[in-house]
Structures are given as C-alpha cells and as structure tokens.
Amino acid sequence: MPPTPFEQIHRIVARIPRGRVATYGQISRMLDGRFSAQFVGWAMHGAPEGLPWHRVINSKGGVSTRRILGYAPDLQKNLLEAEGIVFDDEDRCDLAVYQWDGR
DNA sequence: CCATTGACGAAGA
DNA sequence: TTCTTCGCCAATG
C-alpha cells in the first residue's frame, strides 16, 4: 500500500540537515502540491519522536509553535539557535541563508 | 455525508 | 509594512 500523507511529509522532514530549515510551503511543493502547506503543519503535530520537526518554519522565517498551548515558549527557536541559526530582533531568521535547498 | 479545523501562504487593500 | 481575505486539503467528530 502507498505511504500515507503523514509518512510522505515525515520523510522529507527527516532529510533536513542540521543547521538548515525548510518552510511548510516548500515541503508542500516538494511533494508536488499534493497537500496544502497548512496540512504539513498538521502533520508536524503528530510527528514521531526523533523527527527534526523544529527545522520546519513558516515563510517569514519565524517559528509557529508559540501559539500552541502546552508547548514551552520558544522551544523551537532555542533548538534552532543551538544548531547555529541566528534570529533577529523580530524572532525571524534569514531564509536566504538557512533555507534547505532540498538536496 | 457534512462542517469544522489548522504549527500555512499568496495576493490585495 | 501590517491586516484581511481567500484558497488550500486531509483529518476529525
């Protein structure tokens, strides 16, 4: 049987190298637009342990987990900073520098 | 089966 | 630049 949408998304996320990031929309496009960017976010909600979910951010270069209740504030940002990614005073990083090229 | 729901994004005001 | 609107589509109840 074919991989589920979640599995296809998780496979891509698992390939993101340390110190790089990918956007929800980018992953959606890498899967040929079969799923909406919004759905990619939903797939992260149920990400299996070990998946580098923190390397997936929004198109503005910022993290989106702060609005989720139950998450430690700035956890995602802290994990990325630990990998060398720098955020500006608006909590955004430079996608031109850190965005994964998919290879 | 139908309505609602998102860790989103592009376009327009 | 910020805010709103609309499209997106599998999952969930």
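The text that follows walks through the structure, step by step, so that each part is easy to find. Each chain has its residues counted from 1, following the order in which its sequence is written. Key to labels: chains lettered from A, ligands numbered from 1, both in the order written. For this predicted model, a pLDDT threshold of at least 70 governs which residues receive local features, and a threshold of 80 or more governs which side-chain atom pairs are given and counted, while totals over whole chains, interfaces and linings are taken from all residues. As a rule here, side-chain values cover all heavy atoms of the structure and leave hydrogens and water aside.

1. A closer look at the pattern of salt bridges
The rule for a salt bridge is simple: a side-chain nitrogen of Lys or Arg has to be within 4 Å of a carboxyl oxygen of Asp or Glu. One pass over the full model with this rule turns up four salt bridges. Among the salt bridges present, the one from Asp91 reaches Lys77, with a minimum N-O distance of 2.9 Å. In this pair, Asp91 is assigned in the loop between α4 (75-81) and α5 (95-98) and Lys77 in helix α4, connecting sequence segments 14 residues apart. Exposed residues in this analysis have more than 50% of their type's maximum accessible area, buried residues have under 20%, and partly exposed residues fall in between, with area computed by a 1.4 Å probe over protein chains only. Assessed through its relative accessible area of 22%, Asp91 is described here as partly exposed. Residue Lys77 is classed as buried on the basis of its relative accessible area of 15%. Helical segments are the DSSP runs of H or I of at least four residues, strand segments are the runs of E of at least two, and each set is numbered from the N terminus.

2. Digging into a nonpolar patch on the surface
A surface patch of nonpolar side chains, amounting to about 220 Å² of accessible area, comprises Tyr71, Leu75 and Leu79. Counting through the fold element by element, Tyr71 comes out in the loop between β2 (56-57) and α4. Overall, the relative accessible area of 34% leaves Tyr71 in the partly exposed class. Two distance rules govern patches: like charges are joined within 9 Å, and nonpolar side chains (Val, Leu, Ile, Met, Phe, Trp, Tyr) within 5 Å, applied only to residues with over 30% relative accessible area and no salt bridge. Per-residue and other accessible areas were derived by the Shrake-Rupley procedure at a 1.4 Å probe size, with only the shown protein chains allowed to occlude residues.

3. Points about the packing of helix α1 (residues 5-14) against helix α3 (residues 37-45)
Relative orientation of the contacting elements α1 and α3 amounts to 85°, with a least axis distance of 10 Å. Overall, the two elements α1 and α3 adopt an arrangement that is roughly perpendicular. Mapping the contact onto sequence places Pro5, Phe6, Ile9, His10 and Val13 in α1 and Phe39, Val40, Trp42, Ala43 and Met44 in α3. Side-chain classes are defined by residue name, with Ala, Val, Leu, Ile, Met, Phe, Trp, Tyr, Cys and Pro counting as nonpolar, Asp, Glu, Lys and Arg as charged, and the others, Gly among them, as polar. Across the contact of α1 with α3, the residue classes break down as nine nonpolar, one polar and no charged. Fitting a line to C-alpha atoms yields each axis, with helices limited to the stretch in contact; the angle taken between N-to-C directions then spans 0 to 180 degrees. Between 65 and 115 degrees an angle is taken as roughly perpendicular, under 35 as roughly parallel, over 145 as roughly antiparallel, and anywhere else as oblique. Note on contacts: a residue pair qualifies if any of its non-hydrogen atoms lie within 4.5 Å across the two residues.

4. What about the protein's contact with DNA strand B?
The nearness test applies per residue and asks whether one of its heavy atoms lies within 4 Å of the molecule or strand. In the vicinity of DNA strand B there are 17 residues, among which Tyr24, Gln38, Trp53, Ser59 and Tyr71 approach most closely. A distance of 3.3 Å is found between a phosphate oxygen of DNA strand B and a backbone nitrogen or oxygen belonging to Gly25. Of all the secondary-structure elements, those providing two or more residues to the surface near DNA strand B are α2 (24-30) and α3. Element by element, the count of residues in the surface near DNA strand B is highest for α3, at six residues. Considering only residue class, the surface near DNA strand B consists of seven nonpolar, nine polar and one charged. Here a polar contact is taken to be a pair of N or O atoms separated by no more than 3.5 Å, where protein atoms must pair a possible hydrogen donor with a possible acceptor and residues adjacent in sequence count only if both atoms sit in side chains.

5. Section: the protein's contact with DNA strand C
All residues adjacent to DNA strand C are Gly33, Arg34, Ser36, Gln38, Phe39 and Trp42. Within the side chain of Gln38, an N or O atom sits 3.2 Å from a base oxygen of DNA strand C. The residue inventory of the surface near DNA strand C, partitioned by class, reads two nonpolar, three polar and one charged.

6. Let's talk about the nonpolar core
The term nonpolar core refers to a set of buried residues drawn from Ala, Val, Leu, Ile, Met, Phe, Trp, Tyr and Cys, joined through side-chain atoms within 4.5 Å. The biggest cluster of nonpolar side chains holds 15 residues, and the ones touching the most others in it are Ile9, Val13, Ile16, Ile27, Leu31, Met44 and Val56. Excluding residues within four positions of it along the chain, Val56 makes contact with Val13, Ile16, Ala22, Thr23, Tyr24, Ile27, Met44 and Gln76. With nine residues, the next largest nonpolar core counts Val21, Ile57, Cys93 and Tyr98 among its residues.

Shape descriptors only; they carry no functional weight alone.
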